Amino acid sequence: MIEKVDHIGIAVSNLDEALAVYRDTLGLTFCGTEVVAEQKVRVAKLKGGEDTIELLEPTGPDSPIAKFLAKRGPGIHHLCLAVDDIEQTLERFKAKGMRLIDESPRIGAGGCRIAFVHPQSTGGVLIELSEKNES
Ligand code: ZN
């Protein structure tokens, strides 16, 4: 089951410059930064009321975010949907013929279990599925 839109991920080339805009100018609440080694990104989490935005800065040239920036420039990178059972959701999407980037979940920011669905199957939007890791 899809529970809600969890966050929107925005690719940035410089996290400090992006924070000057999103935190200082727009006035979103800064919740901290975290390096997600597996995805080679530094993530800054910001809140606007109930809603979350993640700014994603590559930590190396082989980061998926570095590749995205080189190809498309900074901007909206993905939409994240919170799900209660990520395996079941992936099975369901697979059965419907959707193209999955991750066939099985991996660990994302905040220790969540995540998986990406290819934009080819979703009208051009990279979708992240995220299940909170309760343990
Ligand atoms: Zn995300």
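Just so you know, these numbers come straight off a predicted model, no measurement behind them.

Visitor: Hey, could you run me through helix α2 (residues 64-72) in this one?
Guide: The α-helix advances 3.6 residues per turn, and as a result positions three or four apart in sequence lie on the same side. Those residues of α2 not exposed but buried are I65, A66, F68 and L69. Viewed along the axis of α2, the buried residues span an arc of 160°, placing them on a single side of the element. Structural note: α2 exposes K67, A70 and K71 on the side pointing more than 90 degrees away from its buried face. Elements in contact with the buried residues of α2: β1 (2-11), β3 (41-48), β4 (51-58) and β5 (75-83).

Visitor: Is there a simple way to think about the nonpolar core in this case?
Guide: Within soluble globular proteins, side chains that are nonpolar generally end up buried alongside one another. Core analysis: the biggest nonpolar cluster contains 11 residues, these being I10, V12, L15, A18, L19, Y22, L28, A44, L46, I53 and L55. Those elements that provide at least two residues to this core are α1 (15-25), β3 and β4. If one sorts the elements of this core by residue count, α1 sits on top with four residues. Filtering out sequence-adjacent residues up to four positions away, V12 remains in contact with A18, L55, L56, E57, P58 and L69. Membership of the second largest hydrophobic core comes to 10 residues, among which are L81, L90, V117 and I127.

Visitor: Teacher, can you tell me more about the pairing of strand β8 (residues 127-131) here?
Guide: Look at any regular strand and the pattern is simple: side chains alternate between the two faces of the sheet. Counting buried residues along β8, five of its five residues qualify, which places the element largely inside the surrounding structure. The alternating pattern of β8 places I127, L129 and E131 on one face and E128 and S130 on the opposite face, and all of these are buried. Of the pairings in the sheet, the one linking β5 to β8 comprises four bridges and is parallel in character. Note on β8: the bridge partner recorded for L79 is I127. Across five bridges, the pairing between strand β7 (residues 113-117) and β8 is antiparallel. Paired with R113 across the strands is E131, a residue of β8.

The rules behind the values
Residues numbered from 1 in each chain as written. Predicted model: local features only at pLDDT ≥ 70, side-chain atom pairs only at ≥ 80, totals over all residues. Heavy atoms only, no water. Buried < 20%, exposed > 50% of the residue type's maximum accessible area, 1.4 Å probe, protein only. Helix = DSSP H or I, 4+ residues; strand = E, 2+ residues; numbered from the N terminus. Arc of directions from axis to C-beta. Contact = heavy atoms within 4.5 Å. Core = buried A, V, L, I, M, F, W, Y, C linked by side-chain atoms within 4.5 Å. Pairing = 2+ DSSP bridges.

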